[in-house]
Amino acid sequence: MTYTQHDTIVALSTPVGEGALGVIRLSGLLAIDIVDAFFTGKKKIKDQQSHTLHFGKIVVQDEIIDEVVVSVFKNPHSYTGEDVIEMSCHGSPFILKSIIDICQQHGARLAKPGEFTMRAFLNGKLDLSQAEAVADIIASENKAQHEMAFKQMRGGYSDIIASLRNELIEFAALIELELDFSEEDVEFANREKFMQLILKMKQTVSTLIQSFEMGNVLKHGIPVAIIGEPNAGKSTLLNKLLHEEKAIVSDIAGTTRDFIEDTIQIEGVQFRFIDTAGIRETDDNLEAIGIARSFQKMNSAKIILFIVDIQKDYKQIVNDFKQLAILPTQHVLILLNKSDRIVDCNAYDIEEAISTLTGKKVMEISAYTGRNLERLTHELVNIVHAEKLQHNGLFVTNARHLSALQETLLHIQQIEVGLQDNISGEFLSIDIKMALHSLGIITGVIELDKDILGTIFGKFCIGK
Ligand code: GDP
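Residues numbered from 1 in each chain as written. Predicted model: local features only at pLDDT ≥ 70, side-chain atom pairs only at ≥ 80, totals over all residues. Heavy atoms only, no water.

(A) Seen up close, the overall build of the protein. When helices and strands are tallied, the protein shows 17 helices and 13 strands. Among the 464 residues that make up the protein, the fraction classed as buried is 50%. Here the contacts in the protein between residues at least 6 apart in sequence split such that 68% fall between residues at least 24 apart. Surface accessibility of the protein: about 23100 Å² in total, with carbon and sulfur atoms responsible for 52%. (Helix = DSSP H or I, 4+ residues; strand = E, 2+ residues; numbered from the N terminus. Buried < 20%, exposed > 50% of the residue type's maximum accessible area, 1.4 Å probe, protein only. Contact = heavy atoms within 4.5 Å. Areas by Shrake-Rupley, 256 points an atom, 1.4 Å probe, with all protein chains shown as cover.)

(B) Representation of the layout of surface pockets within the structure. If you add up the space inside the largest pocket, you get close to 280 Å³. Lining of the largest pocket is provided by Glu-132, Ala-135, Asp-136, Ile-138, Ala-139, Asn-398, Arg-400, Ile-456, Lys-459, Phe-460 and Cys-461. Sort the elements by how many residues they give to the lining of the largest pocket and helix H4 (residues 128–139) lands first, with five residues. The residue makeup of the lining of the largest pocket, split by class, is six nonpolar, one polar and four charged. (1 Å grid on protein atoms, 1.4 Å probe; cavity = no way out; pocket = protein on both sides within 12 Å on 5 of 7 lines; lining within 4 Å. Points joined across faces, edges and corners; volume = space filled by probe spheres on them. Nonpolar A, V, L, I, M, F, W, Y, C, P; charged D, E, K, R; others polar.)

(C) Geometry of the site of the ligand. Every one of the 16 residues lining the ligand counts as a neighbour, but Asn-231, Lys-234, Ser-235, Thr-236 and Asp-340 are closest to it. Interatomic distance of 3.1 Å between a side-chain N/O atom of Lys-338 and an oxygen atom of the ligand. The separation between an oxygen atom of the ligand and a polar main-chain atom of Ala-367 is 3.0 Å. Ranked by the residues each element gives to the shell around the ligand, the list is headed by helix H8 (residues 234–249), at three residues. Its residues assigned to classes, the shell around the ligand comprises four nonpolar, six polar and six charged. (Near = heavy atom within 4 Å. Polar contact = N/O pair within 3.5 Å; in protein donor to acceptor, adjacent residues only side chain to side chain.)

(D) Representation of the sheet that holds strand E12 (residues 331–337). Taken in spatial order, the six strands of this open sheet run E9-E10-E8-E11-E12-E13, and their pairing is mixed. In this open sheet, the two edge strands, each paired with only one partner strand, are strand E9 (263–266) and strand E13 (361–364). Neighbouring strand axes in the sheet, compared pairwise and without regard to direction, differ in orientation by 25° on average. Its contacts with the sheet put helix H12 (residues 314–322) on strand E11 (303–309) and E12, and the angle it makes with E11 is roughly 150°. (Pairing = 2+ DSSP bridges. Axes fitted to C-alpha atoms, helices over the stretch in contact; angles between N-to-C directions.)

(E) Spotlight on the environment of Ser-366. Checked against the element boundaries, Ser-366 lands in the loop between E13 and helix H14 (373–390). Here Ser-366 is in contact with Asn-337, Lys-338, Ser-339, Asp-340 and Arg-371, once residues within four sequence places are set aside. In terms of polar contacts, Ser-366 uses its side chain to reach the side chain of Thr-369, at 3.0 Å.

(F) Inspection of empty space enclosed by the protein at higher detail. Applying the stated rule across the entire model yields four cavities of 30 Å³ or more. Size it by volume and the largest cavity reaches roughly 70 Å³. At the level of elements, H4 and helix H5 (143–153) are the ones that each hand at least two residues to the lining of the largest cavity. The greatest single-element share of the lining of the largest cavity, amounting to four residues, is contributed by H4. A per-class count over the lining of the largest cavity returns five nonpolar, five polar and two charged.

(G) Fine view of the side chain of Arg-400. Tracing the backbone shows Arg-400 in helix H15 (residues 399–420). Within polar-contact distance, the side chain of Arg-400 engages the backbone oxygen of Ile-442 at 3.3 Å. When sequence neighbours within four positions are dropped, the list of residues in contact with Arg-400 reads Leu-128, Glu-132, Ile-441, Ile-442 and Ile-456.

(H) Quick peek at the pattern of salt bridges. Tallying each qualifying case throughout the model produces 20 salt bridges. For Asp-320, the salt bridge identified is with Lys-312, shortest N-O distance 2.6 Å. On the basis of relative accessible area, Asp-320 is assigned to the buried category, the value being 10%. Close ionic contact of Glu-364 with Arg-371 constitutes a salt bridge, the shortest N to O distance being 2.5 Å. Judged by relative accessible area, Glu-364 falls into the buried class, the value being 6%. Through salt bridges with shared partners, a single ionic network connects Asp-7, Glu-82, Arg-109, Glu-115 and Arg-119. (Salt bridge = Lys/Arg side-chain N within 4 Å of Asp/Glu carboxyl O.)

(I) Broad picture of unusual backbone geometry. Here Asn-75 and Pro-76 are connected by a cis peptide whose omega angle stands at 5°. Relative to the helices and strands, Pro-76 resides in the loop between strand E5 (63–73) and strand E6 (84–90). Notably, Asn-372 is not glycine yet its phi reads approximately 65°, a positive angle. The topology assignment puts Asn-372 in the loop between E13 and H14.

(J) Broad picture of helix H3 (residues 115–122). With respect to burial, H3 is a largely interior element, seven of its eight residues being buried. For H3, the complete set of buried residues consists of Glu-115, Phe-116, Thr-117, Met-118, Arg-119, Ala-120 and Phe-121. A positive phi of about 75° marks Gly-124, the residue just after H3.

Following this line, the structure appears as structure tokens:
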């Protein structure tokens, strides 16, 4: 895909099809002249101030096509950094097509996918990772996706990367200087300070790499496994949770029955109950399921709900729990189910005892009556919020960024080893350049191949 920045581009920025309004956007040198050729308002658009709105008619050969509102954004104060005009028209596909045709007849060409945002990037309005976040915002389907994309578009980890890169550039410059004076054997770059920077970079880059897993989990739904012996109440609990939250879930357009069965949004966080269908299927064959079988499903879960019958001996519950192979990154809640069955309610003591012996959070519930389910869902959400705090809400969700960060980490580690071994500035400088390059790939400060840009922006919708 080739892009020419000199062209003036036009596209429908709202979805194709009938709607109350349709917005047509133009960007480029001729944007204002093109609109002035067929728009009749109080004054010519070229004589209007930037950031103003104007009502008028679109007239072609004495025929009124539509009454529209034109928004004017003069360069450089616009989304793309160029002159931008947005026309809010009536949302008839006929009107919209006619107006786009007229724009083309007056010298605009149809925009390619993502071309407006690409211009914003090329004109320094957004860095590359922010531009990519725009596509994520448009594609966001839940609160977590929206939050992460918005944070990134507003700067997110771009600032962190830019500042690390700047600090590294300073050392790179000092080491280059040393190379210029190599005969005199001087050391401009303080190796101790350089090592401190490298360790700081290693820490920051590693944290960002780690955030990828959680970022994706947040994006696609936190995997939760409900495990426990047959008859502990797994299906009852899942059905109850689905029932309670169904209203929210079925609001999402296009949700299918299957989707409803396994995904629940609680307080804006999406949870994905993994393979619970598999657990349910095995109900038919009680002999075959043991705890062991459901345990296999545990590994891919971020949160494990270990559900047991509260009527069981608490020591047995603790023993059963200790059989579980829980990964250090997994969160566990022990649910003492069927608490409606115990009359003499000493549930609190049992909770305490089991919690002390297992070191895990314990909660008595009744999946059947719904007792304490709100406490449970609240706890699920809290776990997610605590994870988010650990990363300051900054998550790498873009695979391109992840691979650049992993590459950066390798180069940083090489610099670290080089510093430990006291290698010459000449060799250090090679690794520094590589680290600078891989960091620059994320924000796009380095010269990127047009093909790479084409691939990145080609994923956008037209009109963005
Ligand atoms: P699973 O095999 O772990 O999926 O267990 P089920 O959800 O199928 O439940 C097994 C039985 O326990 C069913 O008869 C449920 O009605 C009953 N049950 C589940 N939860 C509760 C509860 O909180 N209280 C009571 N009284 N019965 C429950």
